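Examining the three-dimensional arrangement
Here is how the chains run, residue by residue.
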Amino acid sequence: MMNNKNNEYFAEDTHKYMYCNDGVFSEFIFSLITRTVPDDFSKYSTAIELGAGMGRFSFALIKHFPKVYLIEPSESYITVLKQLFDTSHVTIVKSTMEEFLKNNPIPKDSIFFSFHLLHHLTREQRKECFTALRTANVPALFLEPNPLNPLIILQLMLYPDMRMKNEFQYIRLTRGRLAKEFNECGLELTDYGRLCVLPPPITKLALKQSFLMKPLLLLDTLKQVLPFFSSYHLFYCKSKPGA
Ligand SMILES: C[S@@+](CC[C@H](N)C(=O)[O-])C[C@H]1O[C@@H](n2cnc3c(N)ncnc32)[C@H](O)[C@@H]1O
């Protein structure tokens, strides 16, 4: 999506379902991520989040990594990020991921994250991103809407800001298709998983009671038997040796 079109779709006061003013949901998702990916994230000193939006998932990165870059092209979302995260170890960059990856050397001890970004990119943009990550030779974690979950269609119908033409690609980004795209760019899918069995608005509501955090984490084991219930699917990639 060209940047002006992106600014128009992700404009001020739109997609408020993505807005969180605390890190509880983000921390819950990060816990599920660490249960899915066997890597030790504490060895990475810099987390770079591509397409940070209004910071829905950034809270946990900011808590768990000594240095964090939030990359986001939408002007209005940049304003929200600056209001939420005014702290010295966070750098907020108004940029597309293409510009950022082209113009900045990536520290060796970095790890990339992106949440709900890939289905907003064209295949060419994804190729550019994956190739740059291959060159940087650092791991990358992508979280996308689970195409098997029928409730996402309901969400598309209920939220007037969401347009099918901007969102439909999530259905095409299956495990097999993305694994192929990674592979073509010299990345290897080392871990894959589904997570968050309750719809995010219900999860957020439940998490208002802090004692429900542990039961909700336990409930997530249901994803093994009910894969279509999970709201997200996760891809963890590394550069292919010798690619
Ligand atoms: C669906 S939102 C997800 C935001 C956030 N990660 C979340 O899950 O709440 C997609 C975000 O990607 C950003 N985006 C779109 N194209 C981008 C690009 N080429 N590079 C970086 N970010 C981009 C949009 O501005 C938007 O904030």
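As a reminder, the structure under discussion sits directly above these lines.
Structure report, in brief. (Residues numbered from 1 in each chain as written. Predicted model: local features only at pLDDT ≥ 70, side-chain atom pairs only at ≥ 80, totals over all residues.)

1. A look at the overall build of the protein
In terms of helices and strands, the protein carries 12 helices and seven strands. A compact globule built from 243 residues should have a C-alpha radius of gyration of about 18 Å, and the protein, at 17 Å, falls within 12% of that. Each principal axis of the C-alpha atoms in the protein carries an extent, and together these give about 40 × 35 × 35 Å. Considering the protein as a whole, with its 243 residues, one finds that 36% of them fall into the buried category. In the protein, the proportion of contacts linking residues at least 24 apart, taken out of those at least 6 apart, comes to 72%. (Helix = DSSP H or I, 4+ residues; strand = E, 2+ residues; numbered from the N terminus. Rg over C-alpha atoms; globule rule 2.2 N^0.38 Å. Buried ≥ 20, exposed ≤ 12 C-beta atoms within 10 Å, placed from the backbone. Contact = placed C-beta atoms within 7 Å.)

2. A short note on the site of the ligand
In the neighbourhood of the ligand, 24 residues make up the surrounding shell, with Gly 51, Gly 53, Arg 56, Thr 96 and Met 97 lying closest. Elements with a contribution of two residues or more to the shell around the ligand: strand S2 (67–72) and helix H5 (97–103). For the shell around the ligand, the residue count by class is 13 nonpolar, eight polar and three charged. (Near = placed C-beta within 6 Å. Nonpolar A, V, L, I, M, F, W, Y, C, P; charged D, E, K, R; others polar.)

3. Concerning the sheet that holds S2
Adjacent strands of a sheet form backbone hydrogen bonds with each other and so pair up, either parallel or antiparallel. Spatially, the seven strands line up as an open sheet ordered S3-S2-S1-S4-S5-S7-S6, and their pairing is mixed. Of all strands in the sheet, those bounded by a partner on one side alone are strand S3 (90–94) and strand S6 (187–195). Recorded for the sheet is a direction-independent mean angle of 20° between the axes of neighbouring strands. Relative to strand S5 (residues 140–145), strand S4 (residues 110–115) runs parallel, the two sharing four bridges. (Pairing = 2+ DSSP bridges. Axes fitted to C-alpha atoms, helices over the stretch in contact; angles between N-to-C directions.)

4. What to know about the nonpolar core
Grouped together as the largest cluster of nonpolar side chains are 58 residues, with contacts concentrated most on Ala 47, Val 68, Leu 70, Ile 71, Phe 112, Leu 141 and Leu 234. Looking at this core, the element that brings in the most residues is strand S7 (residues 232–239), giving five residues. In this view, Ile 71 contacts Ile 48, Glu 49, Leu 50, Gly 51, Ala 52, Val 93, Ser 95, Met 97 and Phe 100; residues no more than four positions away in its chain are not counted. (Core = buried A, V, L, I, M, F, W, Y, C linked by C-beta atoms within 7 Å.)

5. Remarks on the pairing of strand S1 (residues 46–50)
The buried fraction of S1 amounts to four of the five residues, a majority that puts the element mostly inside the structure. Here five bridges tie S1 to S2, and the two strands are oriented parallel to one another. Bridging across to S2, Ile 48 finds its partner in Tyr 69. For the crossover that starts at S1, traverses helix H3 (residues 58–64) and ends in the parallel S2, the hand is right-handed. In the sheet, S1 pairs with S4 via five bridges, with the strands oriented parallel. Bridge pairing in S4 places Ile 48 opposite Phe 112. (Right-handed = clockwise from strand over helix to strand, strands pointing away.)

6. Digging into the environment of Gln 169
Mapped onto the elements, Gln 169 comes out in helix H9 (residues 169–172). Taking the number of C-beta atoms within 10 Å as the measure of exposure, Gln 169 has 18 and is therefore partly exposed. Taking C-alpha positions, Gln 169 is 20 Å from Asn 4, a pair spaced 165 residues apart along the chain.

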